[in-house]
Amino acid sequence: MPTPTESHSPAPAEAGTPVIEFTDVEKRFGDNVVLKDLNFSVARGERVTLIGPSGSGKTTILRLVMTLEELTGGYIHIDGEPLTHEQRGGKRVPVSKKQQKKLRTRIGMVFQQFNLFPNMTVLENIIEAPVHVLGQSKQEAVQKAKSLLEQVGLPDKADAHPTSLSGGQQQRVAIARALAMDPEILLLDEVTSALDPEVVGDVLNILREVADTTNVTMLIVTHEMGFARDVSHKVMMFDGGRVVEEGHPETIFTAPEHERTQKFLGAVLGH
Amino acid sequence: MEFFEDWPGYLDVAINWSDRLLEGLWTTIQLTIFGGLLAFVVAVVLGLIAGSPRAWLRVPARIIIELFRGVSLVVLLFWLMFVLPQIWMRADGLPFEGLVYNTFLLGVMALGINYGAYGAEAVRASMTTVPKGQWEATTALSMSWPHKMRRVIFPQAWALMLPSLTNLWVHLLKGSAIAYIMPFVSDFTAELNQLRRPTDIWFSHAFIGLVVYFILALIITLFMQALEARAKNKLGRGPSLLEILSPAPKPVTAGGAR
Amino acid sequence: MMSHILAVEVDDPTMVDEEEIEGSPFWDWEFAFEAFPQMFMAFLEVTILVTVVGTLIAAVLGLVIAILIMVLPKPLAWIVRWAANFIRMTPIVVQLIFMFWAFLWLDALTIGIIVFGVHYATYMSEVYRAGIESVPKGQWEATTALSMPAARTWRKVVIPQALRSTIPSLGNYAISMFKDTPFLLVIGVAEMVTVAGQIGAPTFRYTEVYTIAGLLFLAASYPTAVLVNRLEKRLAYAH
């Protein structure tokens, strides 16, 4: 599986079934429509960054993929299989919980607020799901966890308590925890927004390395435009629940076509 | 008041009656412990179900909780004592016949059900105060409902619900005094009340009786506070029990950012 | 008032003629309708009366206790605090019996109201204490800066701010007291559950009376609890 890909490597060919596919997705909270008629797909191994002003629905997209929010219209397919609803006999019917759970194990997520479990040590946080959800042996999971901790630069923190770690350290553990599940899809939800500026770089470097050394599909929401530019194959600009513009990061960041994108980038990059 | 006047005489009576008083005390302790255990089980089971996202589980649990909380403890006790056995009287050969006439057991049940329903509300409420991010992380890790409850949510809710459970257990101890009106249950209050008949210095005993209840309540409170300290320590907040109990407590190492 | 019943005598359910029971229906509507008016009168005349007056005592006395603990010199405050703890952490049932025999010349209903009022006052004092402590420090500092005398500070600044947040708790304790009123049977006050027992005793028919008693408690306490809950939420939003 680990076919090393360079940053800025050409986007994986759009052939075959997309790993994530949104079809006519609509999400509303009560009367408030957050996403409307959203169609896009992500190929295997592709890394897509969603940018746009807050409230534009980027985070909602990740939360829909992780089934943290209820989909109110349309379909999401993971590897060709329906995640929440499917079309059967011309009707939109919910899929079985079992099916949803099965698909969900292939998706990992790193949160803005880390969300480590305070009642467990760092190591326990990482091995909990591999052992009890995937059914790995404890020995195997511990071994993997230790190498992941090494990878995120915290080999000596296995027995530490999450509350005794700094924010940056907690987020690195959270990344290790998500990777321990061997996800095919990794969702990164503003993973550096809650961190002190001086540790943001460490966390992003770890994620760059993950991108370089694995073939995991990534859906990223971030305000770190440099990171987005380095890592992603495609950037999608959102506004008001719609895709305003999408394309190769170089194009979007250097020569955005749409006025909204120009304005937004101007504001965040400080031009 | 008059009960402060006759000190020398008190001792004799206290000695004569101490065996029965101790027996009564033992019954009260048993009522409190068994009632408390039953209440805890009822609280956790009903509380978990009442916090379920599924309406067909949640709604019946809420109704049962409101029912058991809403009728008074005394009414519940009398209902168990007088109405429940009638079912057995009318139909021969039902199992557990011996149990429905066991007034001690009925007392434990009334205490357990009534205070358990209050506890269920505490359990449910404490689970809603576990941060949303924790629930979301369990979803992101594909944990099943029993798994996330047992390993993530409940251990965190536990620290939050303990203060309420402490209060309820003290309430249960105090409520257990009403069991003295039941035939065949000679708890501490019953024995105290017996003392009234042969002696005119009953007040001193009643006062001592109140003190004994007070001490029992303090023991419960201290025990539960120790549990709470342990639970908080496990969540990485506050010192461990050992550190609290050691004569020179070490300064707690401050937790890192967020 | 039947304040001279000395001890409570509760029927022993095992001493009943089973034959007689088997012959009678489990639920007798006619009997239920006969029993209801008497029980409802006792409910209004005793249960509600004790709850309302007891709550008023608890509300006022609780505030007095809370303020005493805060303004008295340390040793005295300590005594008041532990006396309150003592009352709070000991059974109402024993307190009722104790007070009944200590003040034989007083009417049992009066004893009951006083015991409930004082017992719940010790709970309310904790609520008031929390309320007073939640008044921002800046408010105290402002009164000092204005050289306001202590009594006026309490009356005009601290208490009005502290009281607001305590109203839902007072409601909850009123409901709790309401459900504790059947404890009065230990001193022979003819409250609803006692009356229910008296109606049921001659024929050993308890199903109807105790079910009605439970439903009356439920019917009164549940809507009140919902109201208190709403009030709590509204106050929480207002902050």
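Residues numbered from 1 in each chain as written. Chains lettered and ligands numbered in written order. Predicted model: local features only at pLDDT ≥ 70, side-chain atom pairs only at ≥ 80, totals over all residues.

Engineer: Sorry, what's going on with the interface of chain A and chain B here?
Structural biologist: One widely used convention gives an interface's size as the accessible area the parts lose upon coming together. Facing the 27 residues of chain A at the interface are 22 residues of chain B. Broken down by secondary-structure element, the contributors of at least two residues to the side of chain A that touches chain B are α2 (97–104), β8 (107–110) and α3 (122–132) of chain A. With three residues, α3(A) is the single largest residue contributor to the side of chain A that touches chain B. For the side of chain A that touches chain B, the residue count by class is 12 nonpolar, 12 polar and three charged. (Contact = placed C-beta atoms within 7 Å. Helix = DSSP H or I, 4+ residues; strand = E, 2+ residues; numbered from the N terminus. Nonpolar A, V, L, I, M, F, W, Y, C, P; charged D, E, K, R; others polar.)

Engineer: How should I be thinking about the interface of chain C and chain B in this particular structure?
Structural biologist: Taken residue by residue, the interface counts 35 residues in chain C and 36 residues in chain B. Sorting elements by how many residues they give to the side of chain C that touches chain B places helix α10 (residues 207–238) of chain C first, with eight residues. Split by residue class, the side of chain C that touches chain B holds 26 nonpolar, five polar and four charged.

Engineer: What am I meant to see in helix α6 (residues 132–140) of chain B here?
Structural biologist: Along an α-helix, residues three or four positions apart point the same way, because every turn accommodates 3.6 residues. Within α6(B), burial applies to B:Ala137, B:Thr138 and B:Ala140. Along the axis of α6(B), the buried residues cluster in a sector spanning 160°; they form a single face. The elements touched by buried residues of α6(B) are β8 of chain A together with α7 (145–175) of chain B. Taken from the residues just after α6(B), B:Ser142 is the one with a positive phi, measuring 60°. (Buried ≥ 20, exposed ≤ 12 C-beta atoms within 10 Å, placed from the backbone. Arc of directions from axis to C-beta.)

Engineer: Explanation requested: the UniProt feature "transmembrane region" (unreviewed entry) in chain B in the structure shown.
Structural biologist: Cross-referencing UniProt, the feature "transmembrane region" (unreviewed entry) maps to residues 29–51, 63–87, 99–118, 157–182 and 202–224 of chain B in the present numbering. For the annotated span residues 29–51 of chain B, helix accounts for 96% and strand for 0% of the residues, and the straight-line distance between the end C-alpha atoms is 32 Å. (UniProt positions renumbered as here; feature names shortened; annotations may be inferred.)

Engineer: Explain the packing of α3(A) against helix α5 (residues 167–179) of chain A to me, please; I cannot follow it from the model alone.
Structural biologist: The geometry of a pair of packed helices is captured by two quantities: the angle between their axes and the separation between those axes. All names here are of chain A. At a minimum axis distance of 8 Å, the contact between α3 and α5 shows a crossing angle of 25°. In terms of axis orientation, α3 runs roughly parallel to α5. As α3 runs across α5, the sense of the crossing is right-handed. Note on element contacts: α5 touches α3 through Val-173, Ala-176 and Arg-177, opposite Val-122, Asn-125 and Ile-126. Looking at the contact of α3 with α5 residue by residue, the class counts come to four nonpolar, one polar and one charged. (Axes fitted to C-alpha atoms, helices over the stretch in contact; angles between N-to-C directions. Parallel < 35°, antiparallel > 145°, perpendicular 65-115°, else oblique. Left-handed = near helix turned anticlockwise from the far one by under 90°.)

Engineer: What am I meant to see in the environment of B:Leu162 here?
Structural biologist: For B:Leu162, the location among the structural elements is in helix α7. Residue contacts for B:Leu162: discarding those within four places in its chain leaves B:Met224, B:Leu227, B:Glu228 and B:Ala231.

Engineer: What is the right way to read the pairing of β8(A) from this model?
Structural biologist: Working note: regular strand, side chains alternate between the two faces of the sheet. Residue and element names in this part refer to chain A. Because side chains alternate across β8, one face comprises the buried residues Ile-107 and Met-109, and the other comprises Gly-108 and Val-110, equally buried. Where β8 and strand β9 (residues 185–189) come together, four bridges link them in parallel fashion. Residue pairing in the sheet places Gly-108 in a bridge with Leu-186 of β9. (Pairing = 2+ DSSP bridges.)

Engineer: Got a minute to help me understand the UniProt feature "domain: ABC transporter" (unreviewed entry) in chain A in this structure?
Structural biologist: Residues annotated in UniProt with the feature "domain: ABC transporter" (unreviewed entry) correspond here to residues 20–265 of chain A. The span residues 20–265 of chain A is 37% helix and 28% strand, and its two end C-alpha atoms sit 26 Å from each other.

Engineer: Honestly, the nonpolar core in this entry has me stumped. Any pointers?
Structural biologist: A general feature of soluble globular proteins is that nonpolar side chains tend to end up buried together. Core analysis: the biggest nonpolar cluster contains 204 residues, and C:Leu96 and C:Ala213 have the highest contact counts within it. In contact with C:Leu96, other than residues within four places in its own chain, are C:Ile111, C:Gly112, C:Val115, C:Phe183, C:Leu184, C:Val186 and C:Ile187. (Core = buried A, V, L, I, M, F, W, Y, C linked by C-beta atoms within 7 Å.)

Engineer: Before we go on, may I ask you to explain the sheet that holds strand β4 (residues 73–78) of chain A in this structure?
Structural biologist: Think of a sheet as strands paired side by side through backbone hydrogen bonds, with each pair either parallel or antiparallel. Residues and elements named next belong to chain A. The antiparallel open sheet is built from four strands, whose spatial order is β2-β1-β4-β5. Of all the strands in the sheet, the pair left with one neighbour each is β2 (32–42) and β5 (81–82). Of the strand pairs in this sheet, strand β1 (residues 20–29) and β4 are connected by five bridges, and their pairing is antiparallel. The residue of β4 that forms the bridge with Thr-23 is Tyr-75. Relative to β1, helix α1 (residues 58–65) is tilted by about 115°, and along the sheet it contacts β1, β2 and β4.

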